[in-house]
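An overview of the molecular structure
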2 protein chains.
Amino acid sequence: RAIGRAVSLVEDNAPEAATLLEGLDRTRFDQALVLGITGPPGAGKSTLTGALTRRLRRAEKRVGIIGIDPSSPVTGGALLGDRIRMMNHALDPDVVVRSMATRGRLGGICAAAGAAMRILAAGGCEIILIETVGIGQSEMDIIRLADLTLMVLAPGFGDDIQAMKAGILEVADLLVVNKADLPGADKLLLDLATVFTDAAERDLRLLETTAGENKGVATLLERITLLAERCRKDGTLAARRRNAHALETVDWALEMLRPRLTELAEQVEHAPDPRLAAEQLLARFKTGTEI
Amino acid sequence: RAIGRAVSLVEDNAPEAATLLEGLDRTRFDQALVLGITGPPGAGKSTLTGALTRRLRRAEKRVGIIGIDPSSPVTGGALLGDRIRMMNHALDPDVVVRSMATRGRLGGICAAAGAAMRILAAGGCEIILIETVGIGQSEMDIIRLADLTLMVLAPGFGDDIQAMKAGILEVADLLVVNKADLPGADKLLLDLATVFTDAAERDLRLLETTAGENKGVATLLERITLLAERCRKDGTLAARRRNAHALETVDWALEMLRPRLTELAEQVEHAPDPRLAAEQLLARFKTGTEI
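Residues numbered from 1 in each chain as written. Chains lettered and ligands numbered in written order. Predicted model: local features only at pLDDT ≥ 70, side-chain atom pairs only at ≥ 80, totals over all residues. Heavy atoms only, no water.

**Quick word on the overall build of chain A**
Scanning chain A for helices and strands turns up 14 helices and seven strands. Buried positions account for 57% of the 291 residues belonging to chain A. Across chain A, every contact between residues at least 6 apart in sequence was considered, and the portion connecting residues at least 24 apart equals 75%. Per element, the accessible surface of chain A, about 11,900 Å² overall, is 52% carbon and sulfur. (Helix = DSSP H or I, 4+ residues; strand = E, 2+ residues; numbered from the N terminus. Buried < 20%, exposed > 50% of the residue type's maximum accessible area, 1.4 Å probe, protein only. Contact = heavy atoms within 4.5 Å. Areas by Shrake-Rupley, 256 points an atom, 1.4 Å probe, with all protein chains shown as cover.)

Laid out in structure tokens, this is it:
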């Protein structure tokens, strides 16, 4: 598949990647909706992604899915398994699933995920779901590439919910209590309701799903559409796109600099203190000969 | 406490930080052992860290503990809770506990964690335990700062263990099956045994603990001592220290560049493609006026 090959070229940092990216049709990307899906392991993100995809397909939307696998060999398997379960869409040519690891790749993960989004959109995907485990700085950065972010939670995280609530609205547009059939779901919903100061906002942005049984998924999609529309009108979406562009740009730039800095750091005898060594490293950059 | 204040100064990127870091006694850091402790949430890392600390204290070792909290508001609470449980060492002046978040701080996390290690060592800590959840690129990078790494696992991760096994020996010196009293522990142990091709290595590097009951902790400490000795003799430790130094240096350098790059990226009208925009950004660096 052409889209898959294009993403691989970028991930492998192949020489053709630059030409490919610069040649992409930007209009389609501007019109596509990028939906970030995050939350702790076990909340049912992949099941929800699958359920959303089925519903989007019924509405004849072409869907792109980007799964970000954590870089650790310890937990890598968990998401990988989820990915495979999601592959029952594998035979549908209008669903493109792409999984990328945060480990052992050239280039920043934001740069790579951003490029994958652009390629998927140019390939015709009208909605792009980007799924990531909400742990780790690089994973949270990825969410900043999305137009809208869904935070998927489930009962059973105990007292951690209290620490979690602070700041949750900074990262999430929609709070989804998944596995709503499990004991504790109502309590979690009530608990999350307290983070909203405005009742109308709460009713719009907080909801329950049982993704495994397709319950609440239609409502979720309605809310996504409503919020996307609102963000488009009030300029939030445009602002987020600008921020995402800057984030991707800086990520590319830093990753372009990293090998050169690493090489220099290994070659030169530097100060025993790494902070001072870094200043010495950057001082060499000032000469303009090292870049 | 002086050590705590010093770490805070660095984390806050205070003007005094540079002078402080450059003035540190490096001999003590060279002699200290940095032990990385990683593994999935729920494996019992913090309990094991606590049990190891108690045993090290009995041997009159001064212990520094650095806990890396994941940056996500979702899971931040989990580790924070663990930290607090560990605080029963809080009244022991020879145990320094330091928790740092990966989110919302100035400077790279490797740079910050590296600086904390150096400050703790200079303050007299002979062994430094650095605990991190094994998810996310930045968290895995931190483990590369350690002299030795312990991977803590527990029964109940199901089939994920299969995907996990690949590459586990690249990141871990010791594989610890914790919660060895739970059903499935023996199966996990047998399963992990298959990653070793050498029986002697397996017997040295794979072991069981039940940290909550202090079982197996003495043996674990013996193995740590043995492996540390071996790494010192065969040059592995020196090589890891050199790599860690380079990693910290590059991390500092990139973080020093990031604000300037971000500012530039926001000011200048760049190409629609972020990769090309990054090249344009770096071209401006070449003039030597932007650094």
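**Concerning the nonpolar core**
In terms of nonpolar packing, the biggest core is built from 92 residues, with Ile66, Met100 and Leu261 of chain A together with Ile66, Met100 and Leu261 of chain B touching the most fellow members. When residues no more than four places from it in sequence are discounted, the contact partners of Leu261 of chain B are Val250, Ala253, Leu254 and Leu257 of chain A together with Leu281, Leu282 and Phe285 of chain B. (Core = buried A, V, L, I, M, F, W, Y, C linked by side-chain atoms within 4.5 Å.)

**Some words on the pairing of strand E4 (residues 127–132) of chain B**
Note on strand geometry: in a regular strand, side chains alternate between the two faces of the sheet. All names here are of chain B. Of all the six residues making up E4, six are buried; the element is thus mostly covered by neighbouring parts of the structure. Residue alternation in E4 divides its side chains into two sets, Ile127, Leu129 and Glu131 and Ile128, Ile130 and Thr132, and both sets are buried. Taken together, the five bridges between strand E1 (residues 33–38) and E4 define a ladder with parallel strand orientation. Bridge pairing in E4 places Val34 opposite Ile128. (Pairing = 2+ DSSP bridges.)

**Description of the side chain of Asp273 of chain A**
Within the fold, Asp273 of chain A resides in the loop between helix H13 (236–267) and helix H14 (274–286). For the buried Asp273 of chain A, no salt bridge exists, and the shortest N-O distance to an oppositely charged side chain is 5.3 Å, to Arg118 of chain B. A distance of 3.1 Å separates a polar atom in the side chain of Asp273 of chain A from the backbone nitrogen of Leu276 of chain A. Ignoring sequence-local partners within four residues, the contact set of Asp273 of chain A consists of Leu21, Glu22 and His245 of chain B. (Lys, Arg positive; Asp, Glu negative; His and termini not counted. Salt bridge = Lys/Arg side-chain N within 4 Å of Asp/Glu carboxyl O. Polar contact = N/O pair within 3.5 Å; in protein donor to acceptor, adjacent residues only side chain to side chain.)

**Some remarks on helix H6 (residues 109–122) of chain A**
All names here are of chain A. Here H6 contains 14 residues, and its C-alpha end-to-end distance of 20 Å stays within 8% of the 20 Å for a straight helix at 1.5 Å per residue. Here H6 lies mainly inside the structure; 14 of its 14 residues are buried. At the C-terminal side of H6, Gly124 shows a positive phi close to 110 degrees. (Expected span 1.5 Å × (residues − 1).)

**With respect to helix H1 (residues 2–11) of chain A**
Residues and elements named next belong to chain A. Restricting attention to buried positions, one finds in H1 the residues Ile3, Gly4, Ala6, Val7, Val10 and Glu11. What you see down the axis of H1 is that its buried residues fit within an arc of 160 degrees, all on one side. Every exposed residue of H1 that faces more than 90 degrees away from the buried side is listed here: Ala2 and Arg5. Phi turns positive one or two residues past the end of H1, at Asn13, with a value near 55 degrees. (Arc of directions from axis to C-beta.)

**Here we look at the pairing of strand E6 (residues 174–177) of chain A**
All names here are of chain A. Here E6 shows two buried faces, one formed by Leu174 and Val176 and the other by Leu175 and Val177. The pairing of strand E5 (residues 148–153) with E6 spans four bridges and is classified as parallel. The residue of E6 that forms the bridge with Leu150 is Leu174. As defined by bridge partners, E6 adjoins strand E7 (residues 206–208) across three bridges and the pair is classed as parallel. When the bridges of E7 are listed, Val177 appears paired with Glu208.

**Observations concerning the pattern of salt bridges**
Counting across every chain of the model gives 24 salt bridges over all chains. Between Arg57 of chain A and Asp94 of chain A there is a salt bridge, with the nearest N and O atoms lying 3.4 Å from each other. With Arg57 of chain A in helix H4 (residues 45–58) and Asp94 of chain A in the loop between helix H5 (76–86) and strand E3 (95–101), this residue pair connects regions lying 37 residues apart in the sequence. The exposure class of Asp94 of chain A is partly exposed, given its relative accessible area of 24%. A salt bridge links Glu201 of chain B to Arg205 of chain B, with the nearest nitrogen and oxygen atoms 3.0 Å apart. With Glu201 of chain B and Arg205 of chain B both in helix H11 (residues 199–205) and four residues apart, this pair spans about one turn of that helix. The buried category is assigned to Glu201 of chain B, whose relative accessible area is 18%.

**Some points on the packing of aromatic side chains**
Applying the stated rule across the entire model yields zero aromatic pairs over all chains. Here the basic side chain of Arg241 of chain A rests over the ring of Phe29 of chain A, its NZ or CZ set 4.4 Å away from the ring centre. (Phe/Tyr/Trp six-rings, centres within 6.5 Å; stacked < 30°, edge-to-face > 60°. Lys NZ or Arg CZ within 6 Å of the ring centre and 35° of its normal.)

**Quick look at the environment of Ala278 of chain B**
Residue and element names in this part refer to chain B. With respect to the element layout, Ala278 can be found in helix H14 (residues 274–286). Look at Ala278 and you get buried, because its relative accessible area is 0%. With 13 residues separating them in the primary sequence, Ala278 and Ala265 have C-alpha atoms 8.2 Å apart.

**What to know about the packing of helix H6 (residues 109–122) of chain B against helix H13 (residues 236–267) of chain B**
Residue and element names in this part refer to chain B. Taken N-terminus to C-terminus, the directions of H6 and H13 make an angle of 125 degrees; their axes are 8 Å apart at the nearest point. The orientation of H6 relative to H13 falls into the category oblique. Read as a crossing pair, H6 and H13 show a hand that is left-handed. Across the interface between the two elements, Ile109, Cys110, Ala111, Gly114, Ala115 and Arg118 from H6 touch His245, Leu247, Glu248, Asp251 and Trp252 from H13. Grouping the constituent residues of the contact of H6 with H13 by class yields six nonpolar, two polar and three charged. (Axes fitted to C-alpha atoms, helices over the stretch in contact; angles between N-to-C directions. Parallel < 35°, antiparallel > 145°, perpendicular 65-115°, else oblique. Left-handed = near helix turned anticlockwise from the far one by under 90°. Nonpolar A, V, L, I, M, F, W, Y, C, P; charged D, E, K, R; others polar.)

**A short note on the packing of H1 of chain A against H6 of chain A**
For any two helices packed against each other, one specifies the inter-axial angle together with the distance between the axes. Residues and elements named next belong to chain A. Two elements in contact, H1 and H6, have axes separated by 10 Å at closest approach and are oriented at 155 degrees. Between H1 and H6, the angle is such that the two are roughly antiparallel. Crossing handedness for the pair H1 and H6: right-handed. From H1, Ile3, Ala6, Val7 and Val10 reach across to H6, where they touch Ala115, Ala116, Ile119 and Leu120. Here the residues of the contact of H1 with H6 sort into eight nonpolar, no polar and no charged.

**Quick look at the confidence of the model for chain A**
Residues and elements named next belong to chain A. Per-residue confidence for chain A gives a mean pLDDT of 82; residues scoring 70 or more make up 80%. Note on residues 71–78: pLDDT is under 50 here. Beyond four places in sequence and across chains, it has 28 contacts. Complex prediction metrics read pTM 0.74 and ipTM 0.80. (pLDDT = per-residue confidence, 0-100.)

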